Amino acid sequence: MNWLIGGVGALIVAGAAYKKRSLSLSGAIAAVMMGTIYYGAGNLFWFGTLLLFFITSTLLSKYRQESKQDLEKSYAKTGRRDAGQVLANGGIGMILCLGYFINPDETWKLLFIGVMATVTADTWATEVGSLSRRPPISILNGKRLPPGTSGGISWLGSTAAAIGGAVIGAGAWVFGQWMGMEAGLFTYILSGFIGGLAGAFADSWMGATVQKMYHCSVCGKDVEVHKHCGQATDRSRGWGFMSNDAVNMISSMIGGLAAWLTASLL
Ligand SMILES: [Zn+2]
């Protein structure tokens, strides 16, 4: 029965997101599959936390969209998510959910909170940080960077990341209470907060060092995309396999471990 509820719920949400152009067709299909597993193998705790990430991030990407359009051309992650991005955001959570299905243990849930806190913190930092009037600084050396550069951090973006992580922790607790779980609210919020910040900073650090990047010879910016300013870009630095999606996945694993460690130390 849970699988059926999950399938119908996921179909409604993914269908609406597809219509609103927040998901591509491949992204919508991946999201239906993912939502079904999150509810079928998991429960409202898993499904609700995934939805909280998805809905808040979609709303933030629509917020003041016109003033972020130029920057979004530099990012591989744009408003419309395809299957690769959906899996990069929710794939590890899905594996953790299946782990919990096979062997119910609190550890899976804490890792999950950190993973979802990271993808939320990353998205919130990108969407809100893009609105910062001050240029970002490099995570490596503190030098000013052009807005939209991978590895750039700002106070506004970092604050958004911290709040995003804490919101995921609080939301996960609310959904967990519904399912009769007995974890402390403070533990979940702090795990989300620390997990989200650790994951988001890991993402920025990898964006500044190992991520595969391209150089635009027209505007002189380092970008994540093959095409910029209407022209093909050149490979500039980073490891060939370290795509933006790969960086997202690794940083969310780091966020998951940080959340679990935080809860273990409390
Ligand atoms: Zn350019």
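These figures come from a predicted structure and were not determined experimentally.

Here is what the cut-offs are and how they apply
Residues numbered from 1 in each chain as written. Predicted model: local features only at pLDDT ≥ 70, side-chain atom pairs only at ≥ 80, totals over all residues. Heavy atoms only, no water. Patch = residues over 30% accessible without salt bridge, like charges linked within 9 Å, V, L, I, M, F, W, Y side chains within 5 Å. Areas by Shrake-Rupley, 256 points an atom, 1.4 Å probe, with all protein chains shown as cover. Salt bridge = Lys/Arg side-chain N within 4 Å of Asp/Glu carboxyl O. Lys, Arg positive; Asp, Glu negative; His and termini not counted. Charge placed at Lys NZ, Arg CZ, Asp CG, Glu CD. Helix = DSSP H or I, 4+ residues; strand = E, 2+ residues; numbered from the N terminus. Buried < 20%, exposed > 50% of the residue type's maximum accessible area, 1.4 Å probe, protein only. Contact = heavy atoms within 4.5 Å. pLDDT = per-residue confidence, 0-100. Donors = N, O, S within 2.8 Å, 3.2 Å for Na, K, Ca; no water. Tetrahedral: all angles 85-135°; square planar, octahedral: opposite > 155°, others 65-115°.

**Student:** Honestly, a positive patch on the surface in this entry has me stumped. Any pointers?
**Tutor:** The grouping of Lys20, Arg21, Lys62 and Arg80 at the surface amounts to a positive patch. Here Arg21 shows up in the loop between helix H1 (2-19) and helix H2 (25-42). Taking the relative accessible area as the measure of exposure, Arg21 reaches 53% and is therefore exposed.

**Student:** Please explain the environment of Val86 as it appears in this structure.
**Tutor:** Assignment of secondary structure puts Val86 in helix H5 (residues 83-102). For Val86, a relative accessible area of 7% translates into the label buried. Along the backbone, Val86 and Ala30 are 56 residues apart, and their C-alpha atoms lie at a distance of 6.7 Å. Setting aside residues no more than four positions away along its own chain, Val86 makes contact with Leu23, Gly27, Ala30, Ala31, Met34, Arg81 and Gly91.

**Student:** Sorry, what's going on with the confidence of the model for the chain here?
**Tutor:** Close reading of the predicted structure is inappropriate where its pLDDT is low. Of the residues in the chain, 96% reach a pLDDT of 70 or more, and the chain-wide mean stands at 90. Mean pLDDT values over the elements of the chain span from 65, in helix H4 (residues 69-72), up to 96, in helix H8 (residues 185-208).

**Student:** Any chance you could explain the coordination of the zinc ion here in plain terms?
**Tutor:** In a perfect tetrahedron of four donors around a metal, the angles come out at 109.5 degrees. In a perfect octahedron of six, they are 90 or 180 degrees. Around the zinc ion, the donor atoms from the protein are Cys216 (SG), Cys219 (SG), His228 (ND1) and Cys229 (SG), and they sit 2.1 to 2.3 Å away. Each of the four donor atoms around the zinc ion contributes to a set of angles spanning 104 to 114 degrees, which defines the coordination as tetrahedral. Sequence spacing of the donor residues for the zinc ion, all on one chain, is C-x2-C-x8-H-C. Placement of Cys216 in the loop between strand S3 (213-215) and strand S4 (222-223) and of His228 in strand S5 (residues 227-228) is noted, with a sequence separation of twelve residues between them.

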